[in-house]
Amino acid sequence: MNLDEIISFLYNLGAVMVMLMIFMSLFRAIAGPTAPDRVAAISIIGTKTLVIITLIARVYEQVYFLDIAMVYALMSFITTIGVAKYMEKGALD
Amino acid sequence: MIPGIVETTLDILSIVSLVLGLFFLFVGTLGLLRLPDVYNRLHATTKCDTLGAGLVLLSMALQSNLATGIRLGLLIMFIVITNPTAAHVIARAAYNTGIRPQLSERKADD
């Protein structure tokens, strides 16, 4: 078992582990006592999803998945900002 | 000089960076689950997730060619800029909607 096989196995294992961490974060998004808890948990899930997309891009050797990851990061950031502003002011104007 | 020593060194650095990144992502998730307050949770998860995601992406950038490396570098810069901004906006919204930090002792059963 040479080093390249070990690295490929570690990337696969890392994707599965980050997926389990997403399910752990989903508990806080569902059961969080206040609204900012839920928003923070959704933001954290967005970051972890970005990590999963880049790991899958490495596993399947598809470079354009990284562009999808950039668009996903942008949409996650805009969503978090929008929800936080709506929570603070009660409107989005 | 041993042939292929640069590739072997980059592979070992990549493995170390990946394992450290996964560890920090796990610590951030644990902080999100275990800490008692929304400010504590933001404090724990934002820094740990930024560092963990940056290390995992750096682990892939150490092995890739130039175009993929530039894309991963842009992603790392984007994460480092936007993640603390989002946490700051969430904390400001929480403070302005009347949630105050817990200043008393923690409960005995928690």
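About the criteria used
Residues numbered from 1 in each chain as written. Chains lettered and ligands numbered in written order. Predicted model: local features only at pLDDT ≥ 70, side-chain atom pairs only at ≥ 80, totals over all residues. Helix = DSSP H or I, 4+ residues; strand = E, 2+ residues; numbered from the N terminus. Rg over C-alpha atoms; globule rule 2.2 N^0.38 Å. Buried ≥ 20, exposed ≤ 12 C-beta atoms within 10 Å, placed from the backbone. Contact = placed C-beta atoms within 7 Å. Expected span 1.5 Å × (residues − 1). Nonpolar A, V, L, I, M, F, W, Y, C, P; charged D, E, K, R; others polar. Axes fitted to C-alpha atoms, helices over the stretch in contact; angles between N-to-C directions. Parallel < 35°, antiparallel > 145°, perpendicular 65-115°, else oblique. Left-handed = near helix turned anticlockwise from the far one by under 90°.

Observations concerning the overall build of chain B
- A tally of regular secondary structure across chain B gives three helices and zero strands.
- Reading chain B from its N terminus to its C terminus gives the helix and strand order α-α-α.
- In summary, chain B has a C-alpha radius of gyration of 19 Å against a globular reference of 13 Å for 110 residues, an excess of more than 25%.
- Expressed along its principal axes, the backbone C-alpha trace of chain B runs to roughly 60 × 30 × 15 Å.
- For chain B, the residues scored as buried account for 37% of the 110 residues in total.
- In chain B, the proportion of contacts linking residues at least 24 apart, taken out of those at least 6 apart, comes to 66%.

Concerning helix α1 (residues 3–31) of chain A
- With 29 residues, α1 of chain A should reach 42 Å at 1.5 Å per residue; the first-to-last C-alpha distance of 42 Å fits that figure.
- Among the residues of α1 of chain A, those classed as buried are Y11, G14, V18, M21, I22, S25 and R28 of chain A.

A short note on the interface of chain A and chain B
- Of the residues lining the interface, 36 residues belong to chain A; the matching set on chain B comes to 38 residues.
- Secondary structure elements with two or more residues in the side of chain A that touches chain B: α1, α2 (35–60) and α3 (65–89) of chain A.
- Considering each element in turn, the side of chain A that touches chain B owes the most residues, 13 residues, to α2 of chain A.
- The residue inventory of the side of chain A that touches chain B, partitioned by class, reads 24 nonpolar, seven polar and five charged.

A short note on helix α1 (residues 5–34) of chain B
- With 30 residues, α1 of chain B should cover 44 Å at 1.5 Å per step; its first-to-last C-alpha distance of 43 Å lies within 8% of that length.
- Along α1 of chain B, the residues that are buried comprise S14, L18, G21, L22, F24, L25, G28, T29, G31 and L32 of chain B.
- Where α1 of chain B is buried, its residues touch α1 and α2 of chain A together with α2 (38–61) of chain B.

Some thoughts on unusual backbone geometry
- With a phi close to 60 degrees, E61 of chain A is a non-glycine residue in the positive phi region.
- Here E61 of chain A is to be found in the loop between α2 and α3.

A few points about the packing of α1 of chain A against α2 of chain A
Residues and elements named next belong to chain A.
- Their axes nearest at 9 Å, the elements α1 and α2 cross at an angle of 165 degrees. Relative to α2, the element α1 is oriented roughly antiparallel. Seen from above, α1 lies across α2 with left-handed handedness.

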